[in-house]
Amino acid sequence: MNTTGFDTLGGTLSTRVLFGAGCIAQLAQEVQRLGGARVLLVSDRGLADAGHVAQAQAILNEANIASTLYLDVQENPTDEDVSRCADVARNDDSDILVGLGGGSAMDAAKGANLLLTQGGRIQDYWGMGKVVAPMLPLIAIPTTAGTGSEVQQVALISDAQTHQKMACGDPALRPATAILDPNLTLSQPWEVACSTALDAMTHALESVVTTARTDLSQRFSTEAFRLGYSAAVQIMEGSEDPFVRGEMLKAACYAGLAIDHSMLGAAHSCANPLTQTFGLRHGFAVGVMLPHVIAFNAQDSSVAAIYGNVARTSGLVPENAPDKDAVDALISAVDDLCEKSGAKQALRALHEPVEHISSLASGAAEQWTAQYNPREVGVTDFEDIYRSALTR
Ligand SMILES: [Fe+2]
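Residues numbered from 1 in each chain as written. Predicted model: local features only at pLDDT ≥ 70, side-chain atom pairs only at ≥ 80, totals over all residues. Heavy atoms only, no water.

Visitor: Looking at this structure, how should I read the pairing of strand β4 (residues 96–101)?
Guide: Each regular strand carries side chains that alternate between the two faces of the sheet. Among the six residues that make up β4, six are buried, leaving the element largely enclosed by the rest of the structure. Across the two faces of β4 the burial is the same, with Ile96, Val98 and Leu100 and Leu97, Gly99 and Gly101 all buried. Relative to β4, strand β2 (residues 38–42) is paired through four bridges, and the arrangement is parallel. Bridge pairing links Val39 to Ile96 in β4. (Buried < 20%, exposed > 50% of the residue type's maximum accessible area, 1.4 Å probe, protein only. Helix = DSSP H or I, 4+ residues; strand = E, 2+ residues; numbered from the N terminus. Pairing = 2+ DSSP bridges.)

Visitor: Please explain the side chain of Glu150 as it appears in this structure.
Guide: Structurally, Glu150 can be placed in the loop between β6 (138–142) and β7 (154–158). Nearest to the buried, unbridged Glu150 among oppositely charged side chains is Lys110, at 7.6 Å. Beyond its immediate stretch of four places on either side in the chain, Glu150 contacts Thr15, Met106, Ala140, Pro142, Pro175, Ala178, Leu180 and Cys253. (Lys, Arg positive; Asp, Glu negative; His and termini not counted. Salt bridge = Lys/Arg side-chain N within 4 Å of Asp/Glu carboxyl O. Contact = heavy atoms within 4.5 Å.)

Visitor: Where do I start with the domain arrangement of the chain in this structure?
Guide: Split by domain assignment, the chain resolves into domain 1 (16–185) and domain 2 (190–390). Each of domain 1 and domain 2 has a C-alpha centre, and the two are 27 Å apart. Our count for the domain 1 to domain 2 interface comes out at one salt bridge. As a salt-bridge pair, Asp260 and Arg174 come within 2.5 Å of each other at their nearest N and O atoms. At the junction of domain 1 and domain 2, the tally comes to five residue pairs in polar contact (both at pLDDT 80 or more). Considered class by class, the residues forming the side of domain 1 that touches domain 2 number eight nonpolar, nine polar and three charged. (Domains from an automatic or database assignment. Polar contact = N/O pair within 3.5 Å; in protein donor to acceptor, adjacent residues only side chain to side chain. Nonpolar A, V, L, I, M, F, W, Y, C, P; charged D, E, K, R; others polar.)

Visitor: Is there a simple way to explain the pattern of salt bridges in this structure?
Guide: When the charged atoms of two side chains lie near each other, side chains of opposite charge can form a pair. As enumerated under the stated definition, the model contains 19 salt bridges in all. Put simply, Arg38 and Asp95 hold a salt bridge, and the shortest N to O gap is 3.7 Å. Separated by 57 residues along the polypeptide, Arg38 in strand β2 and Asp95 in the loop between α4 (79–91) and β4 bring together distant segments of the chain. Across the salt bridge formed by Asp81 and Arg84, the nearest N and O atoms sit 2.9 Å from each other. In this pair, Asp81 and Arg84 both sit in helix α4, three residues apart, roughly one turn of the helix. A residue is classified by how much of its surface remains accessible, and Asp81, at 2% relative accessible area, is buried. Among the charged side chains, a salt-bridge network with shared partners connects Arg16, Glu30 and Arg33.

Now the structure itself:
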């Protein structure tokens, strides 16, 4: 009970978020506002081919702001990638970073920022709260609507030797500015748009129930699903409407804000071993596991009530629908997204996945996200969840 007369929503927000078709035009203004003069633009060759890198550079040139490119970002950036990226920034004396791309580009920029300003190796920053010196300002410009990294304090960097994904987190890693321009998301291949949308919806439905959830994070999670579900369906049905892309981009950002305060749960724990073993796309892997994780978690009536609230708020069921019906509707809605996106087809194409259930479950239990799942989940539970997902 609140006895102090004060209440808190339970979170801190520190990223300035710009949104709107064409708002990348404000990039130079933001660089100047943040005191930058020499930009390191971190992106990849695909986005250069799509013309987005040249567009960003032209905006900077017009304002007489010097920029250097680092275009070698790969999916799931490694310690070696961020080290090369930091070397380029160091050689050019960059004083501000711009991460343009999906989660990989934004996380690579965050990782390079750590090495530039704190020194050492990226492994030194695995865990939370390791930043001791001021960091360079970072502007994040997402070109997919998925990770929400543009508003998060965590960078996921892989160890090139061990393939371990290291979550490096600190409030100082949150970008100073996020520029959400729906026009930049139109160049994604359909399969990428579908898998990132599924990832964002999984972020919404995992973060809303975690043990770390707060009032603020639940509001972001719930709004992310309400806004993103209908946009995701339309994108999966082939829509390229910039308005719909904008709604999806906002939803992914809201889900990202939610994760920043509340972490993730068992669907993400299950997904990483599936991706490592079979190369299944992250968004597909989390999506196909999610209905089975919801069913597992909803055995706790207080968790079922939260899922029920999301389903009712999103209009999946009438406002007076009981939790059981609302949870069933939510599971069906996610299942439908998995079918429409091609995720289920990708799952059905895996070679004898049931043979791997035991090793997948051991891998899932070791993932950092498992500790935040609202119901305690161990190796045997993971085996049951995988069996349910892989034998359908
Ligand atoms: Fe994810």
